[in-house]
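If you want the building blocks of each chain, they are given just below.
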Amino acid sequence: MKKVQSTCNFCAIDCNLDFYVEDGRIVKTVPTKGYPVNDGFSCIKGLSLSKQQTTVKPDALPKIRQADGSFIAGISTGQLTLEEFAIFGHVMRNYLQTNVDGNTRLCMASAAVAHKGTLGYDAPGYTLNDLELSDTIIFIGANPVVAHPIVWQRVRNNKNPDRKIIVLDPRKSETARNADYWYPLRHRSDLTLFYTLANIIIEKDYVDHEFVDQHTEGFEEFRDFVKAFSVERGSEVSGLSEAQIMELAELIHTGKRVSFWWTMGVNQGYEAVRTAQSIMNLAFLTGNVGKPGTGGNSITGQCNAMGSRLFSNTTCLFAGGDFTDEKERERIAGIIGITPDLMAKKPTIPYNKIIEGINAGEIKGLWILCTNPRHSWTNNETFAEATKKLELFVVQDIYDTIESAENCTVYFPVVPGIKKEGTYINLERRLSPMRKVLERGENEISDYECILGVGRALGMGAALEKWGTPRECFDLLRECSKGMPCDFTGVHWDDLTGSHGRQWPYPEGREAEFSDEQRRLYEDGKFYTPSGRARFVFEEPLGNPIPVTEEFPLVFNTGRGSVGQWHTQSRTKEVKFVEDVSLKRAYLYMNTRRAAENGIKEMDEIRVFSSNGQNAVFAVKVTDNVQYGELYAPIHYVECNKLTPSSYDKYSREPNYKGGTCRFEKIEKEGT
Ligand code: SF4
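Just so you know, these numbers come straight off a predicted model, no measurement behind them. All chains use their own residue numbering, which begins from 1 and follows the written sequence. For a predicted model such as this one, the threshold for reporting local features is a pLDDT of at least 70, and the threshold for listing and counting side-chain atom pairs is 80 or more; totals across whole chains, interfaces and linings nevertheless cover every residue.

## Some remarks on the overall build of the chain
Basically, it comes down to this: Counting from the N terminus, the helices are the DSSP runs of H or I reaching at least four residues and the strands are the DSSP runs of E reaching at least two. Just to be clear, the radius of gyration here is over C-alpha atoms, and the globule rule we use is 2.2 Å times residues to the power 0.38. Residues are called buried when their C-beta atom has 20 or more other C-beta atoms within 10 Å, exposed when it has 12 or fewer, and partly exposed otherwise; all C-beta atoms are positioned from the backbone. Residue pairs are scored as contacts if the distance between their C-beta atoms, which are placed from the backbone, is within 7 Å.
Helix and strand counts for the chain come out as 26 helices and 25 strands. Here the C-alpha radius of gyration of the chain, 24 Å, is about what a compact globule of 672 residues would show, namely 26 Å. The dimensions of the chain, computed from C-alpha atoms along their principal axes, are 75 × 65 × 50 Å. A burial count over the chain gives 58% of its 672 residues as buried. Looking at the chain alone, contacts between residues at least 24 apart form 74% of all its contacts between residues at least 6 apart.

Following this line, the structure appears as structure tokens:
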């Protein structure tokens, strides 16, 4: 029996698993013991990867209905390996000079933009070990019990007798139910609340002056700005009592190692970038940066979201450089084997502009990879509309049954992760290898080979000479990373195989200096800004662009449904033991009092009318865990994003998924 260690390619934890293979089949899957991320533990999704060997049957040949078109755009995904979205970015952005965005725009764009503005580079500084070392763990708009079980496992491993778990969430999520403190703030009041907390910390002189003086810039301006955020104002906006806000400020002050962790509840908002930065501001003020168990930390969503942010050639040059930096353009062009004039000249237009461009008739072709925007795109009927206008619509996926494939003109079948190889970067900057667990059958090709084949067919010739295999591509990207904050020149393809992974930076020649397996950034108080100091970035909160009204009096909140379900379910609905325990139809949660007032009982049906003009039917689950003023719908059903708004953060262009408003009508059962 052969054992192959590889990486789970669902979420950004990037657990490693040992696959035992006999006669070309996986007979056992065991979470890798000793792997610094998951150490012998994983969630049900990772264990289910072996199920895909029998259920995924890629068709032997592409399906072509019609093929014509000139202007094309692409949408890739943080589910691909580094090498796959790099070659896609090379073919599409460099050679075809076109626009490509990734579905990382839907989850991590706000964190990435916030990091760049505040830290000078998209460099989350923590290691997962910080969850075990912190004494005050504050989750903001994050529900790791369901969405990131390994994060929660690491919290449970924290044996500090003073450990406090604090949750800020309008919903009494599974994590809130397991926390020591839950602050049920009002929907989208977080930015005002964080400025209020900053003001209290400054007024009470809870500031770490040494850290602020030596390692930050903009403190005086920030101090003056937050003076307007009195505790009365914070209380009025957030719905928390003044006593609760003061208590939270004291908890932050008295914690010796305070860590803040945010995810989609923050990122998917209309002022998400500023909210993420306001969290980091609190960490700077209190000196909770670069030390064990601290940090203003973003939890990433997809298995390679971190990698796609730096290596997809969409918003920055390979390894994070600026498209306008001539010297950097020359350096990267030399490495990847083209002249600088053949390289993309500016960042891509964002996802929403691609969809709007198709609907306006300006973009005629679209190639999407391993993503399902008919389901996941906000206000998803706009994507359905767009697909009917395309002259060429290429879908590349392991399933031709995904909703997005419905109107495609070309379908490229590709193999799942267990049959390919490449590299992932997880949420704590750890490079981790995906290695082929099963051999491919006849006519089975990987995403990499598919893109390479298209590039060759398009006549790229010498521009692809250095890109022949994922391993060659990895070497190119490694070289691109040289001298950048993400420098991983000390990481080699063969060394990664069967390893404990490697966090960047890991520069060649300095391996001994970076040998610790769990490393955090900013321990020296140096940041990637020109001054080397972290910046306080802040702005007056905006008015909510979609406030509740008499016509639409409820907030339409969304998020993860269960541990076993993954995003649009194209992969997990193939897994019988997940499917057996998941509801087959769209449902949402409604507050008990609201349900009683409307005569609604468990699993009654309602039609929800969104302020985006769409409506959909949901079954109702009645609960006290959502507030009276909102409904909460799991994202795994296509009806959910039918109702989310076409509204975006102005800096990151990430959709304001959690900002919709709605009303509902009960659907009377026949005979009642
Ligand atoms: S889905 Fe995430 S937590 Fe679950 S096994 Fe995969 S990497 Fe680990």
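So much for the structure itself; the text now carries on.
## What about the site of the ligand?
Note the threshold: The C-beta atom of each residue is placed using the backbone, and any residue whose C-beta lies within 6 Å of a molecule or strand is treated as near it. Amino acid classes used here: Ala, Val, Leu, Ile, Met, Phe, Trp, Tyr, Cys and Pro are nonpolar; Asp, Glu, Lys and Arg are charged; the rest, including Gly, are polar.
Near the ligand you find 13 residues, and of these Cys8, Phe10, Cys15, Cys43 and Gly46 are the closest. For the shell around the ligand, the secondary-structure elements that each account for two or more residues are helix H1 (44-47) and helix H7 (149-156). In the shell around the ligand, the residues fall into eight nonpolar, three polar and two charged.

## Some details on the packing of helix H9 (residues 190-203) against helix H15 (residues 272-285)
The cut-off we apply is this: All axes here are fitted lines through C-alpha atoms, helices being fitted over the stretch that makes contact, and every angle between N-to-C directions spans 0 to 180 degrees. To sort the angles, those under 35 degrees are grouped as roughly parallel, those over 145 as roughly antiparallel, those from 65 to 115 as roughly perpendicular, and the leftovers as oblique. Two helices crossing with the near one rotated counterclockwise from the far one by less than a right angle form a left-handed crossing, whereas a clockwise rotation gives a right-handed crossing.
The N-to-C vectors of H9 and H15 enclose an angle of 20°; their axes lie 9 Å apart at closest approach. Taken as axis vectors, H9 and H15 run roughly parallel relative to one another. Crossing hand, H9 versus H15: left-handed. Here H9 contributes Asp190, Leu191, Phe194, Tyr195, Leu197, Ala198 and Ile201 to the contact with H15, which in turn contributes Arg274, Thr275, Ser278, Ile279, Asn281, Leu282 and Leu285. When the residues that make up the contact of H9 with H15 are grouped by side-chain class, the tally is nine nonpolar, three polar and two charged.

## Remarks on the domain arrangement of the chain
Put simply, the test is: Throughout the structure description, domain borders are defined by an automatic or database domain assignment.
What the domain assignment lists for the chain is domain 1 (2-55), domain 2 (63-102 + 304-510), domain 3 (125-299) and domain 4 (554-666). For domain 3 and domain 4, the distance between their C-alpha centroids amounts to 27 Å. Contacts between the two partners involve 19 residues from domain 3 and, on the opposite side, 21 residues from domain 4. Those elements that place two or more of their residues in the side of domain 3 that touches domain 4 are helix H6 (144-147), helix H14 (264-267) and H15. If one sorts the elements of the side of domain 3 that touches domain 4 by residue count, H14 sits on top with three residues.

## Observations regarding the nonpolar core
It is characteristic of soluble globular proteins that their nonpolar side chains tend to be buried jointly. Which entries qualify depends on this criterion: Nonpolar cores are built from buried Ala, Val, Leu, Ile, Met, Phe, Trp, Tyr and Cys residues. These are joined into a set through C-beta atoms within 7 Å.
Within the largest apolar cluster, 163 residues are counted, with the highest numbers of intra-cluster contacts made by Ile140 and Leu197. If one sorts the elements of this core by residue count, H15 sits on top with nine residues. Not counting residues within four places of it along the chain, the set of residues in contact with Leu197 comprises Leu248, Ala249, Ile252 and Leu282. If you look at the next biggest cluster of nonpolar residues, it comprises 23 residues, including Tyr587, Ile606, Val620 and Tyr637.

## Some words on the sheet that holds strand S24 (residues 630-634)
As a general point, the strands of a sheet are linked pairwise by backbone hydrogen bonds and lie either parallel or antiparallel. As a reminder of what qualifies: Note on pairing: DSSP must find at least two bridges between two strands before they are called paired.
Taken together, the six strands give a closed barrel; going around it, the order is S20-S24-S21-S23-S22-S25, and neighbouring strands pair in mixed fashion. Going from strand to strand, the sheet's axes swing by 45° on average, the running direction of each strand aside. Judged from the two bridges that link them, strand S21 (residues 587-591) and S24 form a sheet pairing that is antiparallel. Bridged to Tyr589 within S24 is Tyr632.

## Remarks on the packing of helix H4 (residues 109-119) against H15
Contact geometry for H4 and H15: axes closest at 8 Å, N-to-C directions at 55°. Here H4 lies oblique to H15, going by the angle between them. Two packed elements cross with a definite hand, and for H4 against H15 that hand is right-handed. On the side of H4, the interface is formed by Ser110, Ala111, Val113, Ala114, Gly117 and Thr118, while H15 contributes Ala272, Val273, Ala276, Gln277 and Met280. For the contact of H4 with H15, the per-class residue count stands at seven nonpolar, four polar and no charged.

## Thoughts on the pairing of strand S17 (residues 430-434)
Within S17, five of the five residues are buried, which leaves it mostly tucked inside the rest of the structure. Alternating residues of S17 divide into Arg430, Ser432 and Met434 and Leu431 and Pro433, and every residue in both groups is buried. In this sheet, S17 lies alongside strand S16 (residues 422-425) in antiparallel orientation, the contact comprising four bridges. Residue Ile425 lies in a different strand from S17, and its bridge partner there is Leu431. Linkage of S16 to S17, two consecutive antiparallel strands, is achieved through a turn of four residues, within which Arg429 is found at a positive phi near 75°. The sheet contact formed by S17 and strand S18 (residues 502-503) spans two bridges and is antiparallel. In the sheet register, Leu431 faces S18, and the bridge partner there is Arg502.

## Let's talk about the environment of Asp18
In this structure, Asp18 sits in strand S2 (residues 16-22). By C-beta crowding, Asp18 is classed as partly exposed, having 18 other C-beta atoms within 10 Å. Along the chain, Asp18 and Asp397 lie 379 residues apart, while their C-alpha atoms are 25 Å from each other. For Asp18, the residues in contact, after removing those within four places along its chain, are Lys3, Gln5, Val30 and Thr32.

## As for the sheet that holds strand S3 (residues 25-31)
As summarised here, the arrangement of the three strands in space is S1-S2-S3, forming an open sheet in which the pairing is antiparallel. A strand with exactly one partner marks an edge of an open sheet, and here the two such strands are strand S1 (2-7) and S3. Between one strand and the next, the sheet's axes are offset by a mean angle of 30°, whatever the strand orientation. Of the strand pairs in this sheet, S2 and S3 are connected by six bridges, and their pairing is antiparallel. Residue pairing in the sheet places Val21 in a bridge with Ile26 of S3.

## With respect to helix H3 (residues 82-95)
Given 3.6 residues per helical turn, the α-helix brings residues three or four places apart onto the same face. To keep it simple, the criterion reads: Multiplying 1.5 Å by the helix residue count minus one yields the expected span of that helix.
Taking 1.5 Å as the rise per residue, H3 with 14 residues should run 20 Å; its terminal C-alpha atoms sit 19 Å apart, in good agreement. A positive phi of about 50° marks Gln97, the residue just after H3.

## As for unusual backbone geometry
Note that the residue after Trp504, namely Pro505, is joined by a cis bond; omega there is 0°. For Asp14, which is not a glycine, the phi torsion comes out positive at approximately 60°. Looking at the secondary structure, you find Asp14 in the loop between S1 and S2. One non-glycine residue with positive phi stands out, namely Tyr522, at about 70°.

## Side note on the pairing of strand S5 (residues 72-76)
For the record, the criterion: Seen with its strands pointing away from the viewer, a crossover is right-handed if its path from the first strand over the helix to the second goes clockwise.
Judged by how many residues are buried, S5 sits mostly within the fold: five of five residues are covered. Here S5 shows no split at all, with Ile72, Gly74 and Ser76 on one side and Ala73 and Ile75 on the other all buried. Across four bridges, S5 lies against strand S13 (residues 365-369) in parallel orientation. Residue pairing in the sheet places Ile72 in a bridge with Gly365 of S13. Inspection of the sheet shows S5 paired to strand S6 (residues 99-102) by four bridges, in the parallel sense. Each residue of the ladder has a partner; that of Ala73, found in S6, is Asn99. Between S5 and its parallel partner S6, the chain crosses via H3, and the hand of that crossover is right-handed.

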